[in-house]
Amino acid sequence: MKRMILISLTILLLYPVMVNAAELENMKIAVAAGSKSTKASVSNMAAKCPYYLIFNNKGELIEVIDNPYKDASRNAGPTAANFLAQRGIDTIVAESFGSKMIDALRNNGKTHFEFKGSVDDAVKGVLKLN
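Residues numbered from 1 in each chain as written. Predicted model: local features only at pLDDT ≥ 70, side-chain atom pairs only at ≥ 80, totals over all residues. Heavy atoms only, no water.

A. Quick look at the pairing of strand β2 (residues 51-55). Among the five residues of β2, five are classified as buried, and the element is accordingly described as predominantly covered. Of the two faces of β2, both are covered, the one formed by Y51, L53 and F55 as well as the one formed by Y52 and I54. Note: strand β1 (residues 29-33) against β2, five bridges, orientation antiparallel. Residue pairing across strands places A32 opposite Y52, the latter belonging to β2. Inspection of the sheet shows β2 paired to strand β3 (residues 61-66) by five bridges, in the antiparallel sense. Residue pairing for β3: F55 is matched across the bridge by L61. The hairpin formed by β2 and β3 contains five residues between the paired strands, and G59 there has a positive phi angle of roughly 85°. (Buried < 20%, exposed > 50% of the residue type's maximum accessible area, 1.4 Å probe, protein only. Helix = DSSP H or I, 4+ residues; strand = E, 2+ residues; numbered from the N terminus. Pairing = 2+ DSSP bridges.)

Written as structure tokens, this is what we have:
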């Protein structure tokens, strides 16, 4: 009986570590950018940036996405947030976010970070937090 309790407690204590490791392994970071270069500055508009640069958990650029909502006249924030969530993005980085986009990200269980600087530095900063 004591052995069973000990095994159960061990599993319960280690489970969050295992889950977090799995989440980190599949983590995708989207950085709002004005160009397709990782040397570019992070865009000041999360929802209406020209591009999203997508990185994996190792900080490697894996995809560049043209933002289909960059010219939207209304609801760019929520629409862009849902678009990124559907693509499996976990964290979105931009210089600034509108309140509607922040709400949509939260509703999708996604994280956002405000960052001013280069795309490379933004990714490094996000990876240090995780």
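Next comes the rest of the description.
B. Inspection of the confidence of the model for the protein at higher detail. When pLDDT is averaged along the protein, the result is 85; 82% of the residues meet or exceed 70. Scored below 50 in pLDDT, residues 1-22 shows zero contacts in the model against residues more than four places distant or in partner chains. (pLDDT = per-residue confidence, 0-100. Contact = heavy atoms within 4.5 Å.)

C. Focus on the environment of M45. Along the chain, M45 falls in the loop between β1 and β2. Judged by its relative accessible area of 41%, M45 falls in the partly exposed class. C-alpha separation for the pair M45 and A94, spaced 49 residues apart in sequence, amounts to 6.6 Å. M45 has contacts with A32 and S96, leaving out every residue within four places of it along the chain.

D. Representation of the packing of aromatic side chains within the structure. Summed over all chains, the structure comprises one aromatic pair. Here the aromatic rings of Y69 and F83 are separated by 5.7 Å at their centres, their planes lie at 75°, and the arrangement is edge-to-face. With Y69 in the loop between β3 and α2 (76-86) and F83 in helix α2, this pair connects stretches of sequence that are 14 residues apart. A relative accessible area of 24% means that Y69 is categorised as partly exposed. (Phe/Tyr/Trp six-rings, centres within 6.5 Å; stacked < 30°, edge-to-face > 60°.)

E. Structural detail: helix α4 (residues 119-129). Residues of α4 that are buried include every one of V119, D120, A122, V123 and V126, and no others. Relative to the axis of α4, the buried residues are bounded by an arc of 165° and lie together on one face. Across from the buried face of α4, at angles greater than 90 degrees, the exposed residues are K124, K128 and L129. (Arc of directions from axis to C-beta.)

F. Inspection of the pattern of salt bridges at higher detail. Inspection of every chain in the model, using the stated rule, returns two salt bridges. In this structure, D120 and K39 form a salt bridge, with 3.0 Å as the shortest nitrogen-oxygen distance. In this pair, D120 sits in helix α4 while K39 sits in the loop between β1 and β2, placing the two residues 81 residues apart along the sequence. Exposure remark for K39: the relative accessible area of 66% places this residue in the exposed category. (Salt bridge = Lys/Arg side-chain N within 4 Å of Asp/Glu carboxyl O.)

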